[in-house]
Amino acid sequence: MQRALCTGIVVICALVLVLPAAAGRQDVATLTAIVGTNDGFTIMLNDPSGKRVSEIAPGTYTVVVQDRSAIHNFHLASNEDATIDFRTDLEFVGEQSFTVTFRDRTRYAYACEPHWQTMNGSFFVTSTPAPPPPTVRKLSAVVKPGGGISLSSTSVPAGRYRLTVNDQGKRDNFHLRGRAVNKRTGLAFRGRVGWGLSLARGVYRYGSDRTGLKRTLRVR
Ligand SMILES: [Cu+2]
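Source: prediction; values computed, not measured. (Residues numbered from 1 in each chain as written. Predicted model: local features only at pLDDT ≥ 70, side-chain atom pairs only at ≥ 80, totals over all residues.)

Draft legend 1. Focus on the overall build of the protein. Of regular secondary structure, the protein possesses one helix and 18 strands. Residues counted as buried form 21% of the 220 residues belonging to the protein. Residue pairs at least 24 apart in sequence account for 60% of intrachain contacts in the protein once pairs closer than 6 positions are excluded. (Helix = DSSP H or I, 4+ residues; strand = E, 2+ residues; numbered from the N terminus. Buried ≥ 20, exposed ≤ 12 C-beta atoms within 10 Å, placed from the backbone. Contact = placed C-beta atoms within 7 Å.)

Listed below in structure tokens is the structure:
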């Protein structure tokens, strides 16, 4: 019994030792701050892909500061989170790392202290990033002087489109009709127009109002 208990304690101790080590090995994302390259008045904070940080998820990060100038420094803080406030010394040149935990729904700002008016940046920490803007695909239609009508596709995925119509028809127009769409150029109109359209699944018909909407665009 005594022996089993001891073994049990040893096992638990081993786990306690191993778990934090394993957690510590988990990826802590690294952000890289670069300030004062060649004594220039530049400051940036980049994500691991080298893109400037504008929005990141809450959590713990290591900020590696490459302070390349004795006349500039890097200072990061927040008006909304007093727990984060770190800087390199003005005279310091070299690399320093800071491990920090950024809070959700909080804006953080960084600057070079003597030149904060021009050397500054900020980013927002949020676990619910804004959805990317929807893709706008392109379609084009041509009405030939003699009335021939063509569209750049016969079948397209549903979504948002920019349809450019080049209507050179002397007596014909371009007319597209379908779910939530009914767009046309004038019969007498000749020229170029662009329409923003939202195409839903189904069949759209197009053609000239003089000869009828005989052709179809399938939206899948
Ligand atoms: Cu500076």
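Having seen the model, we can carry on.
Draft legend 2. Representation of the environment of V156. Secondary-structure assignment places V156 in strand 12 (residues 155-156). According to the C-beta neighbour criterion, V156 is partly exposed, with 17 such atoms within 10 Å. In the structure, V156 is positioned 44 residues away from A200 in sequence and 9.9 Å away in space, judged by C-alpha atoms. Beyond its immediate stretch of four places on either side in the chain, V156 contacts R137, L139, L199, L217 and V219.

Draft legend 3. Looking closely at the nonpolar core. The biggest cluster of nonpolar side chains holds 19 residues, and the ones touching the most others in it are A33, I43, F74 and Y110. For this core, the secondary-structure elements that each account for two or more residues are strand 1 (29-35), strand 2 (43-46), strand 4 (59-67), strand 8 (106-111) and strand 9 (120-125). When sequence neighbours within four positions are dropped, the list of residues in contact with Y110 reads A33, I43, L45, F74, H75, L76, N120 and G121. Listed in part, the 14 residues of the second largest apolar core include Y161, L163, V165 and L199. (Core = buried A, V, L, I, M, F, W, Y, C linked by C-beta atoms within 7 Å.)

Draft legend 4. A look at the sheet that holds strand 15 (residues 181-184). Judged by pairing direction, the sheet is mixed, and its five strands sit side by side in the order 12-18-17-14-15 without closing on themselves. Because the sheet does not close on itself, it has two edges, and the strands there are strand 12 and strand 15. In this sheet, strand 15 lies alongside strand 14 (residues 175-178) in antiparallel orientation, the contact comprising four bridges. Bridged to L176 within strand 15 is K183. (Pairing = 2+ DSSP bridges.)

Draft legend 5. Looking closely at the confidence of the model for the protein. The share of residues in the protein with pLDDT of 70 or more is 88%, and the mean pLDDT across the chain is 90. When the criterion is pLDDT under 50, residues 5-25 qualifies, and its contacts beyond four places in sequence or with other chains add up to zero contacts. (pLDDT = per-residue confidence, 0-100.)

Draft legend 6. Region of interest: the sheet that holds strand 8. Across the sheet, which stays open at both edges, the five strands sit in the order 3-9-8-5-6 with mixed pairing between neighbours. Of all the strands in the sheet, the pair left with one neighbour each is strand 3 (55-56) and strand 6 (85-87). Bridging between strand 5 (residues 75-77) and strand 6 involves three bridges; their strand directions are antiparallel. Residue pairing across strands places L76 opposite F86, the latter belonging to strand 6.

Draft legend 7. Examining unusual backbone geometry more closely. Although it is not a glycine, N38 sits at a positive phi angle of roughly 55°. Mapped onto the elements, N38 comes out in the loop between strand 1 and strand 2. The phi dihedral of R105 falls on the positive side, at around 55°, and the residue is not glycine. Mapped onto the elements, R105 comes out in the loop between strand 7 (94-102) and strand 8.

Draft legend 8. How the structure looks around the pairing of strand 17 (residues 202-208). Sheet analysis places strand 14 next to strand 17, joined by three bridges and oriented antiparallel. Counterpart to H175 in the pairing with strand 17 is G207. Hairpin connection from strand 17 to strand 18 (residues 212-219): three residues lie between these consecutive antiparallel strands.

Draft legend 9. Broad picture of the environment of G178. Position of G178 relative to the elements: it lies in strand 14. Taking the C-alpha atoms as reference, G178 lies 9.7 Å from T216; in sequence the two are 38 residues apart. Setting aside residues no more than four positions away along its own chain, G178 makes contact with G202, V203, Y204 and R205.

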